[in-house]
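# Structure assessment
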Amino acid sequence: MNDNILRSRRILIKRSDDGRVVADTKILRYIKDNNICFVAADSLADKGNYNVTVLIFGPDKLYEYEGNIAGGVVDNTVAVLLGRHREKEERRKQRYAISTKGIVTELCFGDREVKLGKPMVLMTVNMSSKGILVKMDSGSLEKGDCFRMIIPVEGRTLTFFCTVVRIQNDDMLTEEYGCEIVGTQFETNTLR
């Protein structure tokens, strides 16, 4: 990873102590040698020194790091010190609240993908680097279903290939589907 790859990428920053999202912004610059990225000071709700988890929307996948906010404001920027990259999905893994409209375009049956004549609308609830929770009409999906989902991100579309691993909060009209992300793909065109 270098500055050319990470500059202008979306970054979600969450406090480790209370789980509160303190920034949903873009990376202004990245210094590879020190593993530091910089964000606009006014995009950060809390200035100071504290531990964070960070989710970065990379060019080809989502990256999650443990890190620290370095505190002081210099040239209207704040440094985010990126630490260990998380490889393994754990159930207690950090989730990031993100509310974005999207669609399910295809269902997968074995090695076949069936394109839906009318895409199913969804709303994202939260996500991590390996999973996503979406809200849809009740009965839209079943546990074990595989599907292709598209959401808009920064003027492009982000395609997720997902498998439903749990269903929760059924209220007769809507359900939340906990999904494992088995693949991602960025495309240059946006949803219309």
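Our structure is the block above this text.
Presented here is an overview of the structure given in this document. (Residues numbered from 1 in each chain as written. Predicted model: local features only at pLDDT ≥ 70, side-chain atom pairs only at ≥ 80, totals over all residues. Heavy atoms only, no water.)

### Things to note about the environment of Asp170
Heads up, the condition is: What counts as a helix is a DSSP run of H or I of at least four residues, what counts as a strand is a run of E of at least two, and both are numbered from the N terminus. Partly exposed describes any residue whose relative accessible area lies between the buried limit of under 20% and the exposed limit of over 50%, with all areas from a 1.4 Å probe on protein chains only and scaled to the type maximum. Only heavy atoms enter the contact rule, under which two residues are in contact if any of them lie within 4.5 Å.
As for its placement among the helices and strands, Asp170 is situated in the loop between strand S13 (156-168) and strand S14 (174-187). Under the relative-accessibility criterion, Asp170 is labelled partly exposed at 49%. Spatially, the C-alpha atom of Asp170 lies 9.9 Å from that of Lys135, the residues being 35 residues apart in sequence. Other than its neighbours up to four places away in sequence, Asp170 contacts Ser138 and Glu175.

### Quick notes on the sheet that holds strand S2 (residues 21-26)
Hydrogen bonds along the backbone pair up the strands of a sheet, which may run parallel or antiparallel. Here is the rule: Pairing between strands is defined by DSSP: at least two bridges between them are needed. The convention used is that axes are lines fitted to C-alpha atoms, helices contributing only their stretch in contact, and that angles between N-to-C directions extend from 0 to 180 degrees.
Read across the open sheet, the seven strands follow the order S2-S1-S5-S6-S7-S4-S3; overall the sheet is antiparallel. Of all strands in the sheet, those with a lone pairing partner are S2 and strand S3 (29-31), marking the two edges. For this sheet the average axis-to-axis angle between neighbouring strands, irrespective of direction, equals 30°. When strand S5 (residues 49-57) meets strand S6 (residues 62-70), the two strands line up antiparallel, connected through nine bridges. Bridged to Thr53 within S6 is Glu66.

### A look at the pattern of salt bridges
Between side chains of opposite charge, pairing is possible as soon as their charged atoms come close. Definition in use: Every case where a carboxyl oxygen of Asp or Glu lies within 4 Å of a side-chain nitrogen of Lys or Arg is listed as a salt bridge.
Counted under the stated rule, the structure contains eight salt bridges. As a salt-bridge pair, Asp18 and Arg15 come within 4.0 Å of each other at their nearest N and O atoms. Taking the relative accessible area as the measure of exposure, Arg15 reaches 14% and is therefore buried. Among the ionic contacts, a cluster of salt bridges with common partners joins Arg15, Asp17, Asp18, Arg20 and Asp46.

### Points about the side chain of Glu176
Residue position: Glu176 is located in strand S14. Setting aside chain neighbours within four positions, we find Glu176 in contact with Val125, Leu133, Val134, Lys135, Arg166, Ile167, Gln168 and Asn169.

### Notes on the nonpolar core
Using the following cut-off: Only buried residues count toward a nonpolar core, which is a set of Ala, Val, Leu, Ile, Met, Phe, Trp, Tyr and Cys residues joined through side-chain atoms within 4.5 Å.
In this structure, Ile132, Phe147, Met149 and Phe160 are the most contacted members of the largest nonpolar core, which totals 26 residues. Of all the elements in the fold, those that place two or more residues in this core are S5, strand S9 (101-109), strand S10 (112-127), strand S11 (131-137), strand S12 (146-153), S13 and S14. Setting aside residues up to four positions removed in sequence, Ile132 forms contacts with Thr124, Asn126, Met127, Met149, Phe160, Cys162, Tyr177, Gly178, Cys179 and Ile181. Of all hydrophobic cores here, the second largest spans 21 residues; its members include Ile27, Ala41, Ile56 and Leu82.

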